[in-house]
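Summary of structural features
Each chain, written out:
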Amino acid sequence: MFTDKMILRIPGPTPIPPRVQQAMNAPMIGHRSGQFSKLFAETAERLKPIFGTKQDVYILAGSGTSGLEMAVVNTVNPGEEVAVLVSGAFGERFAKICERYGIIPHRLEVAWGEAVTPEALEAFLSEKPNVRAVFATQCETSTGVLNPIRELAQVVREKTDALFIVDAVSCLGAVPCEMDEWGLDIVVTGSQKAFMLPTGLAFVAVSERAWKVIDNNKPQAFYLDLKAYRKSLADQTTPYTPAVSLVFGLAEVCAMIEEEGLDAIFKRHELMRDMTRAAMSALNIPLMTEDQYGSPTVTSLDPKGAFDAEELRKVLRTKHNIIIAGGQQHLKGKIFRIGHMGYCEPLDVIQVISAIEMSLRQIGVEIELGAGVKAAQEVLINHV
Ligand SMILES: *Cc1c(COP(=O)(O)O)cnc(C)c1O
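Now for a description of the structure that goes with this document. (Residues numbered from 1 in each chain as written. Predicted model: local features only at pLDDT ≥ 70, side-chain atom pairs only at ≥ 80, totals over all residues. Heavy atoms only, no water.)

Topic: the sheet that holds strand β3 (residues 81–86)
- A sheet is described by the order of its strands in space; here 7 strands give the open sequence β2-β10-β9-β8-β5-β3-β4, paired in mixed fashion. With one partner strand each, in any of the chains shown, β2 (57–61) and β4 (104–109) form the two edges of the open sheet. Put simply, the sheet's adjacent strands are angled 20 degrees from each other on average, direction ignored.
- Note: strand β5 (residues 131–137) against strand β8 (residues 163–167), 5 bridges, orientation parallel. (Pairing = 2+ DSSP bridges. Helix = DSSP H or I, 4+ residues; strand = E, 2+ residues; numbered from the N terminus. Axes fitted to C-alpha atoms, helices over the stretch in contact; angles between N-to-C directions.)

In structure tokens form, the structure reads like this:
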């Protein structure tokens, strides 16, 4: 097998488009040069439509979690209460970050595979009058649920004065986000998912309402101090050395997004989700999420013991050169997850489905070869 043709179908890191790879290979330039400042400021500006905001978007060197931690440490003080919507591993991460800073998280937990509904949030918040912020995960990558952020935001806005802070790491750039219109206060994402870049950049957008809170708080962080990023961005730079090559790549990603158009990108991801779901249903492999909450970026399947998900992943990897993801935490070894975001198109989905069918047969599961592929093809050709 060609090792350089290994196909990544995990929910991050995702494949890098050749033109982005090439842009990142440009020679290093001075990070305080006029040339870099101009590129940096322009690129930060181009991120705004992706977040649906007129506010500045801060770019920092760090994985997605650095952005989550930045959102926590700047907005809430030790001893204060917050609500954390936990629909899987990443919701729980927000709660753990809060605990590390001495913040008191009240967890609204739903079963893995389920979404947090506005009704559940409203009931929960009515019993928690003191929360200063509500933390949510838009796409819960561990289960493939896309939480209804717009409706959840409406509840937070109508029922509380709390900030609403969203982890959109595994979906921003692939699904709609209207930060200003929906009333989101902080939206965080990272570079290695729908942004088609290597890991290493986090993006954080902050509302005016959030800034009022942040400006009144005593800074708890040094590297993650948002005020330092605001001051530097006004001077077209970052407080510490920026990840210059990743910013070269990001500028190219922005060009790709502008060329395809956000609406077309959202439709492409919905189509890939629908193809994947139709195929898995045709193969009788149970989906972990209801259609209504299935994420356009990642689909989780739970064979419920009908076969060993790890055996399937191993055959896919060793015989077909395709990597899919397993389960996290208590679902490790039980489920598998197919990433379909970023530099991925419908025909790539047909490829992974075809390889899954062959691998299932190779591990002795009785399925009809082509049944999933056919279902996905039908979705694709009927797509207008
Ligand atoms: C990938 C991911 C993160 C960030 O993880 P890092 O490993 O720090 O980049 C955060 N939240 C969600 C929902 C994710 O999918």
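Let's pick the thread back up.
Comments concerning the site of the ligand
- Every one of the 14 residues lining the ligand counts as a neighbour, but S63, T65, T141, D167 and K193 are closest to it.
- In this structure, an oxygen atom belonging to the ligand sits 2.5 Å away from a side-chain N or O atom of S63.
- For the ligand, a nitrogen atom lies 2.6 Å from a polar atom in the side chain of D167.
- Expressed as a share of its isolated accessible area of 380 Å², the protein-covered part of the ligand is 88%.
- Only α3 (64–75) and α4 (89–100) provide two or more residues apiece to the shell around the ligand.
- Broken down by element, the shell around the ligand gets its largest block of residues, 3 residues, from α3.
- The residue makeup of the shell around the ligand, split by class, is 4 nonpolar, 7 polar and 3 charged. (Near = heavy atom within 4 Å. Polar contact = N/O pair within 3.5 Å; in protein donor to acceptor, adjacent residues only side chain to side chain. Areas by Shrake-Rupley, 256 points an atom, 1.4 Å probe, with all protein chains shown as cover. Nonpolar A, V, L, I, M, F, W, Y, C, P; charged D, E, K, R; others polar.)

Description of unusual backbone geometry
- Following G12, the chain continues into P13 via a peptide bond in cis, with omega recorded as -5 degrees.
- Even without being glycine, M196 reaches a positive phi, approximately 60 degrees.
- Along the chain, M196 falls in the loop between β9 (186–190) and β10 (201–206).
- The buried category is assigned to M196, whose relative accessible area is 6%.
- Of note, N321 is a non-glycine position whose phi angle comes to about 65 degrees, a positive value.
- As for its position among the elements, N321 is in the loop between α12 (309–320) and β12 (322–326). (Buried < 20%, exposed > 50% of the residue type's maximum accessible area, 1.4 Å probe, protein only.)

Describing the pattern of salt bridges
- All told, the structure shown has 20 salt bridges when counted by the stated rule.
- In this structure, R132 engages E80 in a salt bridge whose closest nitrogen and oxygen atoms are separated by 2.8 Å. Residue R132 is found in strand β5, and its partner E80 is found in the loop between α3 and β3; the two are separated by 52 residues along the sequence.
- Taking relative accessible area as the criterion, E80 reaches 16% and is therefore assigned buried.
- Linking R157 and D185 is a salt bridge whose minimum nitrogen-to-oxygen distance equals 3.1 Å. Of this pair, R157 sits in helix α6 (residues 149–159) while D185 sits in the loop between α7 (179–182) and β9; the two residues are 28 residues apart in sequence, bridging distant segments of the chain.
- Take R157: its relative accessible area is 23%, and that puts it in the partly exposed class.
- In this structure, a network of salt bridges that share partners links the residues R19, E252 and E259. (Salt bridge = Lys/Arg side-chain N within 4 Å of Asp/Glu carboxyl O.)

Quick word on the sheet that holds β12
- With mixed pairing, the 4 strands of this open sheet are ordered in space as β1-β12-β13-β11. Each of the sheet's edge strands pairs with one partner strand only, and the pair in question is β1 (7–9) and β11 (298–301). Neighbour-to-neighbour, the strand axes of this sheet turn through a mean angle of 30 degrees, independent of strand direction.
- Direction of pairing for β1 relative to β12: parallel, over a ladder of 3 bridges. Note that in β12 the partner of I7 across the bridge is I322.
- Packed onto the sheet, α12 meets β12 and β13 (336–339) and runs at close to 160 degrees relative to β12. (Contact = heavy atoms within 4.5 Å.)

Thoughts on helix α10 (residues 244–260)
- Here α10 spans 25 Å end to end across 17 residues, near enough to the 24 Å set by a 1.5 Å rise per residue.
- For α10, a buried count of 12 out of 17 residues is recorded, marking the element as mostly surrounded by other parts of the structure.
- Considered for burial, the residues of α10 that qualify are V244, L246, V247, F248, G249, L250, A251, V253, C254, A255, M256 and I257.
- For α10, the elements touching its buried residues are α1 (18–24), α2 (34–51), β2, β10 and α11 (262–282).
- G261, located one to two residues past α10, shows a positive phi value of around 95 degrees. (Expected span 1.5 Å × (residues − 1).)

Brief notes about the nonpolar core
- By size, the foremost hydrophobic cluster in this structure holds 98 residues, and its most contacted members are L47, V134, F135, F164 and L184.
- Here the element with the most residues in this core is α10; it accounts for 10 residues.
- In this structure, this core is formed jointly by two domains, domain 1 (7–13 + 261–383) and domain 2 (18–258), each of which donates at least three residues.
- Non-local contacts of L47, meaning those with residues more than four positions away in its chain, are made with V57, I59, F195, F203, L250 and C254.
- With 32 residues, the next largest nonpolar core counts M275, I324, I338 and A371 among its residues. (Core = buried A, V, L, I, M, F, W, Y, C linked by side-chain atoms within 4.5 Å. Domains from an automatic or database assignment.)

Points about the layout of surface pockets
- Volume-wise, the largest pocket comes out at about 410 Å³.
- Along the wall of the largest pocket there are 24 residues; nearest its centre are P15, Y343, C344, E345 and D348.
- Of all elements in the fold, only β1, α10, α11 and α13 (346–362) reach the threshold of two or more residues within the lining of the largest pocket.
- No other element matches α10, which puts 4 residues into the lining of the largest pocket.
- Structurally, the lining of the largest pocket is a two-domain feature, drawing no fewer than three residues from each of domain 1 (7–13 + 261–383) and domain 2 (18–258). (1 Å grid on protein atoms, 1.4 Å probe; cavity = no way out; pocket = protein on both sides within 12 Å on 5 of 7 lines; lining within 4 Å. Points joined across faces, edges and corners; volume = space filled by probe spheres on them.)

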